[in-house]
Every structure is written in C-alpha cells, then in structure tokens.
Amino acid sequence: MHELIREAVDNPGTAWEIIKMDRDVTEVVDAVSDLSREDKIKLGATFKRFPLACDLTELIVGTCASDLEKIDLMGNCMLSDTIGATIHVCAYAFADIAESYGMRPVELMREVRETTEVPLDLDHFGRYGPMRFPRSITGCGGQCYLEGPPFEGCPRERIHARLLDREKEGLSDREEWVELSSSVAVNLTPVQGAETHAAPLEEAEEVLELARKHGKGVEAIMFVGDGYDDLISGFEAGLEMGVDVFVLEGGPFNLAGDRLDAFAGAVAAARILTPGKIVATNGAYEDECRIGLRAGLNAIITGFPKNHHGYMCGYTPGTARRGKFGLPRVMKIMREEVESGLTPVPIQKAQLEALAAAVKVSGTENVYPRTLGYTYVGDAHWACLPSTPLYERVEVKRDVNALVKMAEDGDIHGRVAIFGARFVSWVIADKLDGLVDEFVIVDRDPWVEQVTVDNLRSELRTDVHPGNSDDEGAYSSADSSIVSTTIPQISAKISGKFRDTVTLV
C-alpha cells in the first residue's frame, strides 16, 4: 500500500486501482503519514476527482443557538436555503428555542422543514431525541477554540453534562426528528480518548441504527487528535459502524506536533477511506481550513453568529469566540483555495437541483449505497437528497425506466452514444445492458471517460467503447444518442448541436 499510495500522488490511474482494492485503515494512515506535506495535499486532491470521490466543495451552515429568537432562526434557515447550503440542525438549540415559544421541540423542526427545501443535517441527537444541555454549555463562549491547542478537556470542565430527564420527555417524537432530516451525525470521539466530550459509542450506534431505519445518511465526527493512532481508531470505528461520511475536527482537537501536516494527512486518508466519498470539517482554524481544502475537503460546517460552528472554522486562536459569523469568511477562504471547475465554489442551489435531478433520473434504488463495477454509484448526496422538498420539486423529462421502454420499443437501438460519463451514464448503461448492441461513452474529460469505460466493462455484457472526447465522432458513429447530464444548460447545448438526441431534463 505504501508504494501504491506514493505512486497515486501523481498518478490518478493508480488511485483508481486503489479504489478497486480492500483498504486497511492502518496501512492507509501509515502510508499517508510517510508523505511530505505537499504530497499529502496532492494525494488528497487526486482522490477528490470523480469517481474516486465527490469533487464538489460546499457549505453546511449551523443556523441556531439556544438564545436566538425564533424569527432569527427562521431567517437564518431561509438565507441558507436561498444560497443552497445544507442546514446543520443543532438539535439541542432547536429544542431550547421551541420551548421558549411554548412549542414542542419537534414542531419547530417541522416548521423549518416546511419553510426550506435544502437538506437538514441533524446533530447533537441521542437515544431519546435531541440532547439537552445546561446553560453553561449552550451558552459556551468557545474558550477551547479561543485558547487553542492542546485539548486537555474543557477548560472549564463542563463537558459532557446532559439533562437526561428533559431528553426523555421528548422520546415520543424521536423518530419524527429523523424522518424530517436528510442525514444524522454521530460522534466517534469516545473511542479516541475523549469520553467526556460526547455520548458513549453505544449511544452513537443506536442513533445510527435509527438513521438507517429511516434511510438517512450518517456522518461520523472524529478528532484529528495525534494525527496517527487517534485517526486509526476513529476511522476503524466509523467503518465498522457503517457510516457514510467522515467529519474531521481540528482546532484544539488537533494535538499533532505539526498541526498542518496532520490535518492535510487526515483529509487525504479520509478521502481514500470514506464510503460516501465526502470529507468535511466541523472545526478547523483558518490555516487548517486552507490546507484541508487544498488536500481535498468537500465541506466546511460553519455558522451564523451565536452558533458554535460560527467560530469553530476559519478563525485563529485569540479570535475564535462565540458571536462570530463564520459563513462569509469561510466562503471567501473556499474561493481563494479551490479553483472553480464544472461547478462554482461553493456550490449553490442550482447544483443541488442538478444532483437531485440525477438521483430522480437514476432511481433511488440504483444509486448509493448501491455499487456498480468497482465502486459506488454516486456519493452520500445521492442518499440524502431524496429526503428533501427540493427533490420532490425538481422535475425531469424522462428517467432510466423511460429509456428502457424506448429501447424495448426500438426508439433507442444499435450503437448508442452516451454524452457525459458521470454516474447517470453508469445507470443508463446498466439498465440498457443487453437491450442495445454497444455503447460509446464520450466525455470532454478524458480521465472521466476512461474510468467510466473501465468500470462499465467490468460489469456489463454489452460492449463499451470510449469516444475519445470526440462528440462529433461519437454522434456520427451512433444509431442513437443520449445526453446523460442533468445540468440543464449543458444538456440544451449538446442537444441543440446534435439532432435527435434523447435528453433527461
């Protein structure tokens, strides 16, 4: 593994071979640890490429704090929804705000769900429902982040006090919280030596099972810690539990001798190991955010003033304190560190709509966590988006079942060109396997085209050929053509150029 990972730094083909293999956590962390800082960054960036991982960069936004007025919470949620940012629901704060207005906590969660359409990411959720904390915790000023590392427990020795009697009062609403959510976070830090910082692992396992019962994605929060043993214990626990996404916490919870090397290495290792292809951070100083983004971070959890995620990402020791508005600062950092490609940085609602359309076209039964060939079809977004009003709103012209009907009726036949070689093309080819003579896969990115052809050849009976990034050649050689992208502008551009192509949106 050491030699392969060293080669993968500069060779995405080797990275693709690693994806095909069973990956041992200790071997991966060992190999990544041996790399220089620059090679860790290059490795993580390589493993962020499609289809090795999700190649989007996005904001997840904490909108709530226990002492916010309801009007401010709702406005924060509406603003996040408008810019297409996932809403990070700190369940204890929702519960505190709701009760201050004479509401049952779940009623406020319902209201947010009815008012917004982006994913809701549920955190601070336990075996009884929303965790409930004393005022000393809900009003925490962020002293650990303000002082900086090393983390030796809460500076004021007040974590992890819970008001369990109040939590138990909400047990009857527990399942509805999860039903209303798109994803649920669990905390792995107890296995990393931070038993006082989070619920016991057994409780996290219960929450994960509840999330799975309702078909929701699961994120695992873990510390960078010492950058080696702590990473191994966190990754192993998460993979054994079956989580989808790793969320790395640095800041005072990054205890490594070289913080930035450790953060880059943690991101790169998570890139290789995470099943759902997404790596995020919920707490990282500005320098960690920057090196993490260069090493392949997909998402940063930030927040509005008073929300604890508002100061936990993007600031520095001495400046990170409650009341900071992290969202605009993190957005600026993202745009400085990540080059825009097919999508803007960070992604916006239009990109969420295109993703939702891709899932709707493909069918939820055909995408992540389902695999095809060597890897998953899609990523954790594809599991979370169906649990949103946005998914219900998005309309498509036809789905893969309609394409199958067209093939059975002879309207799609012979040599079929598929324009675009991303995940939807995989599902299309899989569903039309045996109904047509052969496929030509064409994409403007030769790497994407090459890997898709390799993956489909490993699975299908029908011959699959590369189109060599030549749209004209693929179209002229085909009997039928399908545009697989669900980005409306790109679909319209291709279909306008080539007559009689079949489009999905």
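Residues numbered from 1 in each chain as written. Predicted model: local features only at pLDDT ≥ 70, side-chain atom pairs only at ≥ 80, totals over all residues. Heavy atoms only, no water.

## Structural notes on the sheet that holds strand 13 (residues 415–419)
Logical step 1: The strand order 15-14-13-16 describes an open sheet built from four strands, whose pairing is parallel. Taken across any chain shown, the strands that pair with only one partner, and hence form the sheet edges, are strand 15 (463–466) and strand 16 (480–483). For this sheet, the mean inter-axis angle between neighbouring strands, taken without regard to orientation, is 25 degrees.
Logical step 2: Note that strand 14 (residues 438–442) and strand 15 share four bridges and pair parallel. Each bridged residue has a counterpart across the sheet, and for Ile441 the counterpart in strand 15 is Pro466. (Pairing = 2+ DSSP bridges. Helix = DSSP H or I, 4+ residues; strand = E, 2+ residues; numbered from the N terminus. Axes fitted to C-alpha atoms, helices over the stretch in contact; angles between N-to-C directions.)

## Observations concerning the state of the cysteines
Logical step 1: Scanning all chains against the criterion turns up zero disulfides.
Logical step 2: Left without a disulfide partner, Cys140 is nearest to the cysteine sulfur of Cys144, which lies 6.1 Å away.
Logical step 3: Owing to a relative accessible area of 19%, Cys144 belongs among the buried residues under this scheme. (Disulfide = S-S within 2.5 Å. Buried < 20%, exposed > 50% of the residue type's maximum accessible area, 1.4 Å probe, protein only.)

## Notes on the pattern of salt bridges
Logical step 1: Taken as a whole and assessed by the stated rule, the structure comprises 39 salt bridges.
Logical step 2: Where Arg132 meets Asp96, a salt bridge forms, and the shortest distance between an N and an O atom there is 2.9 Å. Remark: Asp96 occurs in helix 6 (residues 91–100) and Arg132 occurs in the loop between strand 5 (129–130) and helix 8 (135–138); sequence separation between them is 36 residues.
Logical step 3: In this structure Arg132 comes out as buried when scored by relative accessible area, which is 4%. (Salt bridge = Lys/Arg side-chain N within 4 Å of Asp/Glu carboxyl O.)

## So, a negative patch on the surface
Logical step 1: There is a patch of like negative charges on the surface, built from Asp24, Glu27, Glu202, Glu205, Glu209, Glu236 and Glu240.
Logical step 2: Of all the elements in the fold, those that place two or more residues in the negative patch are helix 12 (201–213) and helix 13 (229–241).
Logical step 3: It is helix 12 that provides the largest number of residues to the negative patch, a total of three residues.
Logical step 4: If you trace the backbone, Glu236 turns up in helix 13. (Patch = residues over 30% accessible without salt bridge, like charges linked within 9 Å, V, L, I, M, F, W, Y side chains within 5 Å. Areas by Shrake-Rupley, 256 points an atom, 1.4 Å probe, with all protein chains shown as cover. Lys, Arg positive; Asp, Glu negative; His and termini not counted. Charge placed at Lys NZ, Arg CZ, Asp CG, Glu CD.)

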